[in-house]
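# What the coordinates show
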Amino acid sequence: MRVLVLCDDYWHPASVVKSGLAPLADDGFEFTFIEDMAEWKPDMLKGFPVVILAKSNNLSSADTAEWATEEAQRAFESYVQDGGGLLAIHSGTAEYKEAKVIRSILGGVFTHHPEQCSVTVEAVGQHVIADGFEPFTLKDEHYFMEITGDDLCVFLASISQHGKQPAGWVRTHGKGKVCVLTPGHNLEVWLHPGFQLLLRNSLNWLVKA
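Residues numbered from 1 in each chain as written. Predicted model: local features only at pLDDT ≥ 70, side-chain atom pairs only at ≥ 80, totals over all residues. Heavy atoms only, no water.

## Here we look at the pairing of strand S10 (residues 163-173)
Alignment of strand S9 (residues 153-160) against S10, held across 7 bridges, turns out to be antiparallel. Note that in S10 the partner of Val154 across the bridge is Trp169. The hairpin formed by S9 and S10 contains 2 residues between the paired strands. Judged from the 6 bridges that link them, S10 and strand S11 (residues 176-181) form a sheet pairing that is antiparallel. (Pairing = 2+ DSSP bridges. Helix = DSSP H or I, 4+ residues; strand = E, 2+ residues; numbered from the N terminus.)

This is the structure:
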């Protein structure tokens, strides 16, 4: 499966995302990475059944200008509405509160997080993405989210001394599917077997008819 990955911002280096996705190559996933959104064009979405958004609204780690222009957002909306799959991971939910189209597609956006701390990730309800998932606890940024959609199927929660938050959900948008996973600031989270399972299951779910 060919997957386009948008990554790299001021707080979240591309190296974490690339290393975190590397083990999935053994499962047949082929990743194409774009780190600088100044090099991205809307027609690049064509040919990829799934896009991973793992960057905040920064052009790159060196340029914090917003990439999510009205034109760029509409391109993403058309992509998903026409049947594309979108997986937003961690910073892929950050700094999009004012990006109304992206926010609508995701169904919720990051608002803040406390200092890194022990965060427990556990399944809630039932969803095929969480099949076989076992809870784990690791140091991470505990993302607090503002839910904006009323059609979300939440299947994951994150818990710390600061409270409990939705940490994973899915929704449909037109003919396409959307999945959000909020953990993942540190590489140790990405490489944990439980998170690898969520990544693998999410990508497979996004393309399954």
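## What to know about unusual backbone geometry
A positive phi angle is found at His90, which is not glycine, with a value near 50 degrees. Looking at the element boundaries, His90 is found in the loop between strand S4 (85-89) and helix H3 (100-106). Accessibility expressed as a relative area gives 2% for His90, which makes it buried. Not every positive phi belongs to a glycine, and Glu95 is a case in point at roughly 65 degrees. The topology assignment puts Glu95 in the loop between S4 and H3. (Buried < 20%, exposed > 50% of the residue type's maximum accessible area, 1.4 Å probe, protein only.)

## What to know about the pattern of salt bridges
This model, assessed by the stated rule, comprises 6 salt bridges. Of the charged contacts, one joins Glu35 and Lys18 as a salt bridge, the two residues approaching to 2.5 Å between their closest N and O atoms. Of this pair, Glu35 sits in the loop between strand S2 (30-34) and strand S3 (50-54) while Lys18 sits in helix H1 (residues 14-21), and the two are 17 residues apart along the sequence. Lys18 gets classed as partly exposed once you look at its relative accessible area, which sits at 33%. A salt bridge links Glu146 to Lys97, with the nearest nitrogen and oxygen atoms 3.3 Å apart. A residue pair is termed long-range when its members are at least 10 positions apart, and Glu146 in strand S8 (residues 144-147) and Lys97 in the loop between S4 and H3 qualify at 49 residues. For Lys97, a relative accessible area of 38% translates into the label partly exposed. Salt bridges linked by common partners bring Glu70, Arg74 and Glu77 together as one network. (Salt bridge = Lys/Arg side-chain N within 4 Å of Asp/Glu carboxyl O.)

## So, the packing of aromatic side chains
As enumerated under the stated definition, the model contains 10 aromatic pairs in all. Plain terms: the ring middles of Phe31 and Phe33 are 6.2 Å apart, the flat faces sit at 40 degrees to each other, and that makes the pair tilted. Take Phe31: its relative accessible area is 16%, and that puts it in the buried class. Ring centres 4.2 Å apart and planes at 40 degrees place the aromatic pair Phe110 and Tyr143 in the tilted group. Placement of the pair is Phe110 in strand S5 (residues 108-112) and Tyr143 in the loop between strand S7 (136-140) and S8, with a sequence separation of 33 residues. In this structure, Phe110 and Tyr143 share a single accessibility class: buried. An aromatic cluster of three or more residues is present, and its members are Trp40, Trp67, Phe76 and Tyr96. Positioned above the aromatic ring of Phe48 is the side chain of Arg2, whose terminal nitrogen or guanidinium carbon lies 4.2 Å from the ring centre. The aromatic ring of Trp205 is capped on one face by Lys177, whose charged end is 4.5 Å from the ring centroid. (Phe/Tyr/Trp six-rings, centres within 6.5 Å; stacked < 30°, edge-to-face > 60°. Lys NZ or Arg CZ within 6 Å of the ring centre and 35° of its normal.)

## Some remarks on the environment of Gln165
Tracing the backbone shows Gln165 in strand S10. For Gln165, a relative accessible area of 13% puts it in the buried group. C-alpha separation for the pair Gln165 and His142, spaced 23 residues apart in sequence, amounts to 8.3 Å. With residues near it in sequence (within four places) discarded, Gln165 still touches His142, Tyr143, Phe144, Met145, Leu156, Ala157 and Ser158. (Contact = heavy atoms within 4.5 Å.)

## Quick word on H1
Every α-helix carries 3.6 residues per turn, so stepping three or four residues along brings you back to the same face. When H1 is considered as a whole, its buried residues turn out to be Ala14, Val16, Val17, Gly20 and Leu21. The arc enclosing the buried residues of H1, seen along the axis, measures out at 160 degrees, which places them on a common side. Residues of H1 that are buried in the fold lie against strand S1 (2-7), S2, S3, helix H4 (187-191) and helix H5 (193-207). (Arc of directions from axis to C-beta.)

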